[in-house]
Amino acid sequence: MPEPTKKDGIANGQAEEAAAEAVETEGTKPEPTEPEPAVQAVVVATEPEPVHNGSSQPQPAAGAAGEVIEQVETSNSAVMEEAPPCSSQPNDSVHVPRMGRKDSVWSLGEGQNPDDLDKPVDTPPLSTLLIEKPEPINSVDVGCDINFFAKVEAKDLLRKPTIKWFKGKWMDLASKTGKHLQLKETFDRFTKIHTFEMHIIKAKDNYAGNYRCEVSYKDKFDICYFDLEVKGSSEPEQGSQSIDIRSAFKRSGTEGQDDGGELDFSGLLKHREPKQEEQPDVDVWEILKNAKPDEYEKIAFNYGITDLRGLLKRLKKTKKEEKKSEAFAKKLDPAYQADKGGKIRFVVDLADPTVELKWYKNGQEIRSTPKYIFEHKGTQRILIINNCTMNDDAAYTVCAGDEKCTTELFVKELPVKIVKDIEPVKTTVNERIELECEVSEEGAQVKWMKNGVEVPTGVRSRYRVKCEGTKHFLIIDDASKEDTGTYSIMATGGTSETRVQVDLKPLKVYQDLVNVTVMLGEPLKMHCEIFPGNVPGRWYRNGQLIQPNDRINILHRAKNHRLEIEQSSLHDAGDYTFVPEGYSQSLSCKVHIIDSPKVFLDSLNLTDNQVVIVAGNKLRLEIPISGEPAPRVVWMKGERVILDSGHHVRAETYGDQTSLTIDVTEREDTGNYKIVLQNEAGEATAAVKVKVVDIPDPPEAPLVPVVGGDWCSMTWEPPLYDGGSPILGYFVERKKKQSSRWMRLNFDLIKETTFEPKKMIEGVPYEVRIFAVNAIGVSKPSEPSKAFVPLAVTSEPTMLVVDDVTDTTVTMKWRPPDTIGAAGLDGYLVEYCIEGTDDWIVSNSALTDKTKFCLTGLPPGSKILVRVSALNAAGASSPRTLQHSILVKEVIEPPKIRIPRHLKQTYTRKVGEAVNLVVPFLGKPRPKVSWLKEGQPIDQAHVSIRNTDCDSIIFIRKAERSHSGKYELSVQVENHNDTAILDIQIVDLPGPPQCVKIEEVWGTNVALDWTPPKDSGNCPITGYTIQKADKKTMEWYTCIEHYHRTCITITELVVGNEYYFRIYSENMVGLSECATQTKDSALIVKEGMQLKTPEYTDHDFKEAPKFTQPLINTFAIAGYNATLNCAVRANPRPKVIWMKNKIMIIDDPRYRMFSNQGVCTLEIRKPSPYDGGVYSCKAVNDLGEALVDCKLEVKGGFTFYELMQRGVPMQLIDKYINEAKAACEQLDE
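Criteria and thresholds
Residues numbered from 1 in each chain as written. Predicted model: local features only at pLDDT ≥ 70, side-chain atom pairs only at ≥ 80, totals over all residues. Heavy atoms only, no water. Helix = DSSP H or I, 4+ residues; strand = E, 2+ residues; numbered from the N terminus. Buried < 20%, exposed > 50% of the residue type's maximum accessible area, 1.4 Å probe, protein only. Contact = heavy atoms within 4.5 Å. Pairing = 2+ DSSP bridges. Axes fitted to C-alpha atoms, helices over the stretch in contact; angles between N-to-C directions. Polar contact = N/O pair within 3.5 Å; in protein donor to acceptor, adjacent residues only side chain to side chain. Disulfide = S-S within 2.5 Å. Salt bridge = Lys/Arg side-chain N within 4 Å of Asp/Glu carboxyl O.

A. Spatial organisation of the overall build of the protein chain. For the protein chain, the count of helices and strands is eight helices and 85 strands. The burial tally for the protein chain puts 40% of its 1229 residues in the buried class. Long-range contacts, defined as pairs at least 24 residues apart, comprise 64% of the intrachain contacts of the protein chain with a sequence gap of at least 6.

B. Structural view of the sheet that holds strand β24 (residues 463-468). Spatially, the four strands line up as an open sheet ordered β19-β21-β25-β24, and their pairing is antiparallel. One side of each edge strand has no neighbouring strand; the edge strands of this open sheet are β19 (418-420) and β24. Here the strands of the sheet are splayed against their neighbours by 30° on average, with no regard to which way each runs. Bridge count between strand β21 (residues 433-439) and strand β25 (residues 471-476): six bridges; the pairing is antiparallel. The partner of Cys437 across the bridge, within β25, is His472.

C. Representation of the side chain of Thr1078 in the model. Positionally, Thr1078 belongs in the loop between β75 (1076-1077) and β76 (1082-1083). Of the polar contacts made by the side chain of Thr1078, one reaches the backbone oxygen of Asp1080; its length is 3.0 Å. If we skip the residues at most four places from it in the chain, Thr1078 touches Val996, Ile998, Leu1008, Tyr1060 and Phe1061.

D. Expanded view of the state of the cysteines. Per the counting criterion, the structure on display carries zero disulfides. Cys1126 provides the cysteine sulfur closest to Cys1160, a residue in no disulfide bond, and the two sulfurs are 4.6 Å apart. Look at Cys1160 and you get buried, because its relative accessible area is 0%.

E. Examining helix α6 (residues 308-315) more closely. Most of α6 is tucked away: eight of the eight residues are buried. Leu308, Arg309, Gly310, Leu311, Leu312, Lys313, Arg314 and Leu315 are the residues of α6 that are buried.

F. A look at the environment of Met490. Looking at where Met490 falls in the secondary structure, it is placed in strand β26 (residues 485-491). Judged by its relative accessible area of 36%, Met490 falls in the partly exposed class. Sequence separation between Met490 and Trp448 is 42 residues; the distance between their C-alpha atoms is 6.5 Å.

G. Molecular detail of the pairing of strand β35 (residues 574-580). When strand β31 (residues 537-541) meets β35, the two strands line up antiparallel, connected through five bridges. Directly across from Trp539, in β35, lies its bridge partner Phe578. Connecting β35 to the antiparallel partner strand β36 (residues 587-599) that follows it, the hairpin turn spans six residues, and Gly582 within it adopts a positive phi of roughly 85°.

H. Looking closely at the pattern of salt bridges. Counted by the stated rule, this structure contains 44 salt bridges. With a closest N to O distance of 3.5 Å, Asp477 and Arg432 form a salt bridge. Of this pair, Asp477 sits in the loop between β25 and β26 while Arg432 is found in the loop between β20 (425-428) and β21, placing the two residues 45 residues apart along the sequence. Given the relative accessible area of 39%, Asp477 is considered partly exposed. Overall, Arg432 belongs to the partly exposed group, its relative accessible area being 46%. A salt bridge links Arg867 to Glu831; its shortest N-O distance comes to 2.9 Å. Here Glu831 lies in strand β53 (residues 827-834) and Arg867 lies in strand β56 (residues 863-872), a separation of 36 residues in the sequence. Glu831 matches Arg867 in its accessibility class, with the two residues each being buried. Taken together, the shared-partner salt bridges connect Arg620, Glu622, Arg650, Glu652 and Asp663 into one network.

I. Representation of the sheet that holds strand β68 (residues 976-987). With respect to topology, five strands assemble into an open sheet ordered β61-β68-β67-β63-β64, the strand pairing being mixed. Each edge of the open sheet carries a strand with a single partner, namely β61 (907-910) and β64 (936-937). One ladder, built from six bridges, connects strand β63 (residues 928-933) with strand β67 (residues 965-973); its direction is antiparallel. Along β67, the bridge assignment pairs Lys928 with Gln972.

The quantities given are spatial measurements derived from coordinates; they are silent on function.
Structure, rendered in structure tokens:
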């Protein structure tokens, strides 16, 4: 159905101009950062798409200022409100230009009540994009959060749709997002649904109003309106009109900018001064209430009111009585529709039959004619329009006195149908073609098409179009081959097409053209004979028409046709065709012009035909050649032929030149290159010499013969190949061995082959390398030298002193050097000499790494001097010499035992533990050590003893109680002696108590008595542990622990139970291994009662498998592990079997199976779509079996059927399946 169209005859054009100016003024106001839109005073027209909702009438669209949109949910018409009385005749109204239907509005004329400005517009859905629309919220408190949702199904959409959120008719909320407004978009790839959300956080009272959601995708469009009402908004009442309206509706912007800022009416009331302002002289509210909407702006301007939108918002709150129409009892419907050629009736019912009535069409008064008929039936006045045409599609107004009502008529044009189809045509060139078609209506508009493209019918076009009544003709006077094709005619109600075939005329050929081959510069002649002889023709070469000139002569005599060229050139070669005019046949031949080949080496401007190039650059020699036909070109180096497919060196020939290309020249490319050209006219040769110069070869690895603390000396040999240019010098680089960063040591070339690097770090391994330089460039680096470390000797040892002297030995000790250096310390060298001589004798044949050394083999009674040197990889340090001589004679030191503190008291260990005691002592010469136990020698088979010069160690691997006792240590040096005693106690668990008996039983109490154990475990008894047990269960419970006495009373026993008691003894090691139990039991009875013990039968816990928790259908994501869980109960424990599609899963690495406390789990590692299916879990034991199953669906991948449905090519499907299989195999590995 076509959209409504706005008609020309709007009664008051000034209202629209005022509305347009108001909208224009609003556009200059800066928008707030939060979504707090100001009051909307002007309703801007929207542009909805056409709607097909089954109604025969067009749907109303949005209006402008002073107009109100109302959606009337009737199936045939839309009801319009009454308009106020018209102040002037429609003929005097301002003419409004006619607009397209897309921008049309339904105007109610002037005088619309402002209360209707904020009425929500219930626009029907424009398409099926929105599957879920935002729901209106009738009431919400200030400060609450509000969420609106809209959903769009994307199954038929190739990309994401575009969504816009609006408040009112103009404010785009996308620019207002912040802490109070958030917009969110999500997409569910499983359901293919886009979800759009609008979150309003901590709503304010000015957030209330009408909202709009628009969704568009290409040519589809959908819209939804919804309302929001916020409680707590403080609107001023009607009684507050005492405030100065002219100051109230001035904005809060900068002084002098009346249109800046926002109106805060409630804030104005809060912050006004207590002093009452003077009442305004003029009551502007009364003026506005009685004025027309198009006069609001003028009144606001006269009284200094700049906030027009706030004024209208305030004005709409005032109650205004609607005046009832005095002239019309029933007005016209808002719109009517009629078919083209049909009849339409406009009916109004007058309240006063005597009032004068006039009808207008687009503002022009309608006179009575056979087309327009006026009828009177009582109070009804009827206008009948016969034979409706498209000119009748207009706005109609009826005026009764000072009142009027308006409607619109939409004329529906009936489709034009094809009555007679076009017939196919087959003809030859130069004939006349006439295509004829008949339609259902005279004067209908049709369109002729050829191969889907409209046929041009201009003045210079070959096509002519003719119309005779319902018949339409397409005429081609002089048909050509290009007119062949499919022709069609298009009408509004159908299409007809046919095929037109244009063929050429036949021709007799007596002598055809023959192929000719001539030498360059020789004459060329071609001849043919055709019948009839008077038929002219045209000569073509390679499809281009040949015109005669001084060199080309074209002859036609009777049936003979000739083409002669005096001196042939290469351009004369090609395909020649003779085309007789008007015939389908053509004669053709080929002309070959041949020429001997030639090579033009002079174009290279080479000296002695030699090319010099630097290695590594690209060499391309392009040599012009000639010859017809194109000669065969062969490039050769020596006896080797260079091919055009070579990777390094290749020869190419194209057009009139040949080229030799070497992508990256090397020294091996030096040599003579020969060119050979051959064709059927002859042969030609030429030679070019190529010389490649290169950088020199890298030198050999340098040598480092001498290394110092921070320097070294290096030498090297010149490179074997200098690259064809003399060596100019060398560059030297060094780096740390662990690093990859080389550092250049010289920036001026070194002419010699030696160099001495300095400023190196001691102890860091270095490598050096060399670069050779010639006029071409720098060579590649040499191999790095062997790693070397700059090292320095250490400082001399310190604090050299005498530690011990015997008759033949001297023991020295010292401290390490203060400065060791990066080379570290390999060891020390100890030397001595007899006092009075200079012969130093090395005492240690091998370096010692200790700071103490004993010089042996010294002559007794002699005096010696001692010195010590530190050695490392860099050499020996300066020696440290003792300042005085040493007399080789031993000094006696009395023995003295130093007992450790923990051995000065009894040393206690448990049986089975190890005993390892170290007792140090002093004395010189080496003391004699002896051990006694209880005055007797120690048995070495049970106790190990090891003695050194300074201590004695006693060791017992596994202590026993027999090892307890006092051990005496004796240390003797000649006549001097020292002793010490160690007390060792080996303890064990005690034995059980003796004679545990029940002394007395009374009430719920039992008195027990016992004697201490015979074996206390070689340590005091620290307590007892008493336990009781019911005779029925014989389960022991502890009554008390760490009890010290040998008698106790057990209380609070249960009446009717019979008890046994047992007691453990305890020492520092622990409880005794066993307990002593009472022989008799103690029965706790109550007088007059006798307990009968019931008999119980054991319960049979055996049970067949039963699943207490079945498997659940599961969705999995491709590439992410999935688990299936169930729970089974059975006794004895069942065997669990997992199956996929009723096939057992055995030893498959993609699956892992677990069973814990009856919970069965199957883990599927990184599933693919092929892992989907029915999974079963089966539990089996001796009593039966049970089975549960579920369905697993893996999403995110594609099956073969889905890929075929999506139209994926087979080669891509194979690639996808192979990749999936490879991933599975990789998991298996």
